[in-house]
Every structure is written in C-alpha cells, then in structure tokens.
Amino acid sequence: MNREEFLKELEILKITPTERQLNQLEKFYEMLIKWNQVMNLTRITKKKEVYLKHFYDSLTIVRVVDLNNIKTLCDVGTGAGFPGIVLKIMYPNIQITLIDSLQKRINYLNEVIKELDLQGIETIHKRGEDYKGQYDVVVSRAVANIEKLVGYTMHLVSIDGIFIAMKANIEEELNDTVKEKLEKKYRITKIESFCLPLENSTRNLIVIKRK
C-alpha cells in the first residue's frame, strides 16, 4: 500500500489526515524498523505492508465506532503500538492508555510517544487482567482467542462502553458454543467482517458490551 492507495482507502473510511499526521506515521514507521532490529516487534517490515497491515488495519475500527465522539480508549496488549499509537496520531482528541506486559516494549512505546510529540497518551506495564480502569472503548488486536480475551478486557469497559476485538479469521474460535458462553454475561452487538484492500485477507471486528 503506497501513499496514494493509503489515502484513497482512508477516504473511504472518512478519514482525512493532515500533513503533520502523515509525517508522524512516517516517523513511526522509521522508529518501528529501527527498534525492530534489536527487539522482536513485528515480522512485517516492508513499508507498503506496514502501511496496509498495521497502519490501515489499525484504523478500520472506525467501521464500528465514531472515534470523534470518544473520550477515552485503552489498547490492551498493544505490542508495537497497534492500534493505539496509530489511533492517537489520527484522533488526538482521545485520551489513550497503552497496556503491555513487556517492559522493553513499554520503553520503545515511550520513545515513540516522545519523538512523535504525542499528548494525552500513557503506557502501563501490566497484564490487562491486572490493571484497573474504566474506558469508553477497549480494544485488543489479535492478542488471544476471543474467550480468553474478554477475561482480560471486559472489566475495563465502562457501563456504556464497548470492547472491540480485532481479529483475522474467527470461524473456529467464535463458534456457536463460545458465542453461547459469552452471551451469558455479555452482549455481542456486532460482528463486522471485511477484507483488507489489495490483498483481500479477512478481518473481523467483534463489538461486545456488558449486559
């Protein structure tokens, strides 16, 4: 995904980045590659692939939530900063918390935040299940299977808030038995399925609320 393709697909998502935001994404890419040489952040390193599979993919959550009306968001198991850092760049209005269990990744994220001059964003060195807080939106991208994931995240969702699980193929892990088990405690309000542009790989956004 080159710059033109990226901007074209963002336009479909009704996102219009400023030049500063595009420069921040570019700087983020450079830092990701630099830090990836000394620690394991991502297997995806080609620029076109990072823009498609990390940057664009992170922003697809706008398919299920209007981020212009959100005050707080928590990214559980953020890893290399996806989707949290990308969301902060594009939606500076949101107060964002990044949670990760590995101190080395937290150090990297803090450097990214500093270099990109991002405000209203914090990092927490904890496992999701050990952290306490309340957020309008809690998001997690491919961290664990959906059944385990709700155990790591739902206590962080405010009464009127939502949890969004960002997943690839979910046929096996969200079968009827698992759905039935989850819906005893929670409500699955939406499953948005789509394909990434250009390569057509499957993506799913599973929106879950408290009962």
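Rules used in this analysis
- Residues numbered from 1 in each chain as written.
- Predicted model: local features only at pLDDT ≥ 70, side-chain atom pairs only at ≥ 80, totals over all residues.
- Heavy atoms only, no water.
- Helix = DSSP H or I, 4+ residues; strand = E, 2+ residues; numbered from the N terminus.
- Rg over C-alpha atoms; globule rule 2.2 N^0.38 Å.
- Buried < 20%, exposed > 50% of the residue type's maximum accessible area, 1.4 Å probe, protein only.
- Pairing = 2+ DSSP bridges.
- Axes fitted to C-alpha atoms, helices over the stretch in contact; angles between N-to-C directions.
- Contact = heavy atoms within 4.5 Å.
- Expected span 1.5 Å × (residues − 1).

Student: What is the right way to look at the overall build of the protein in this model?
Tutor: Helices and strands together make up the secondary structure of the protein, namely seven helices and seven strands. Traced from its N-terminal end to its C-terminal end, the protein shows the element sequence α-α-α-β-α-β-α-β-β-α-β-α-β-β. Relative to the 2.2 N^0.38 estimate, which gives 17 Å for 211 residues, the radius of gyration of the protein is 16 Å and therefore close to what a compact globule would have. Each principal axis of the C-alpha distribution contributes one length, and for the protein these read about 45 × 35 × 35 Å.

Student: Help me understand the environment of Glu30, please; the structure alone is not making it clear to me.
Tutor: Within the secondary structure, Glu30 sits in helix α2 (residues 19–36). Overall, Glu30 belongs to the partly exposed group, its relative accessible area being 42%.

Student: Help me out: how do you make sense of the sheet that holds strand β1 (residues 72–76) in this one?
Tutor: Sheet strands pair via backbone hydrogen bonds, and the direction of the pair is either parallel or antiparallel. Spatial strand order, β3-β2-β1-β4-β5-β7-β6: seven strands in an open sheet with mixed pairing. The strands lining the two open edges of the sheet, one partner per strand, are β3 (121–125) and β6 (186–195). Averaged over all adjacent pairs, the angle separating strand axes in this sheet is 20°, with direction ignored. Alignment of strand β2 (residues 95–100) against β3, held across five bridges, turns out to be parallel. Along β3, the bridge assignment pairs Asp100 with His125. Relative to the sheet, helix α3 (residues 47–59) contacts β4 (135–141), β5 (157–167) and β7 (202–210), its axis offset from that of β4 by approximately 155°.

Student: Would you mind showing me how to read α3 here?
Tutor: One turn of an α-helix holds 3.6 residues; hence residues three or four places apart share an orientation. The end-to-end C-alpha separation of α3 is 17 Å, in line with the 18 Å expected for 13 residues at 1.5 Å each. Here α3 lies mainly inside the structure; 10 of its 13 residues are buried. Those residues of α3 lying buried are Val50, Tyr51, Leu52, Lys53, His54, Phe55, Tyr56, Asp57, Ser58 and Leu59. Tucked into the core, α3 has its buried residues touching α1 (3–12), α2, α4 (84–90), β4, β5 and β7.

Student: Sorry if this is basic, but what is going on with the pairing of β6 here?
Tutor: Each regular strand displays side chains that alternate between the two surfaces of the sheet. Relative to β7, β6 runs antiparallel, the two sharing nine bridges. Each bridged residue has a counterpart across the sheet, and for Ile188 the counterpart in β7 is Ile208. Following β6, the chain reverses through six residues before pairing antiparallel with β7; Leu198 in that reversal takes a positive phi of roughly 75°.

Student: Would you mind going over unusual backbone geometry with me for this structure?
Tutor: Only a minority of non-glycine residues have a phi that is not negative, and only a minority of peptide bonds are not trans. Geometrically, the link from Phe82 to Pro83 is a cis peptide bond, its omega value of 5° lying close to zero. Its location among the elements puts Pro83 in the loop between β1 and α4. Despite not being glycine, Asp117 shows a phi value in the positive range, around 55°. Looking at the element boundaries, Asp117 is found in the loop between α5 (103–115) and β3. Using a relative accessible area of 44% as the deciding quantity, one classes Asp117 as partly exposed. At Leu198, a residue that is not glycine, the phi angle is positive and equals roughly 75°. Relative to the elements of secondary structure, Leu198 occurs in the loop between β6 and β7.

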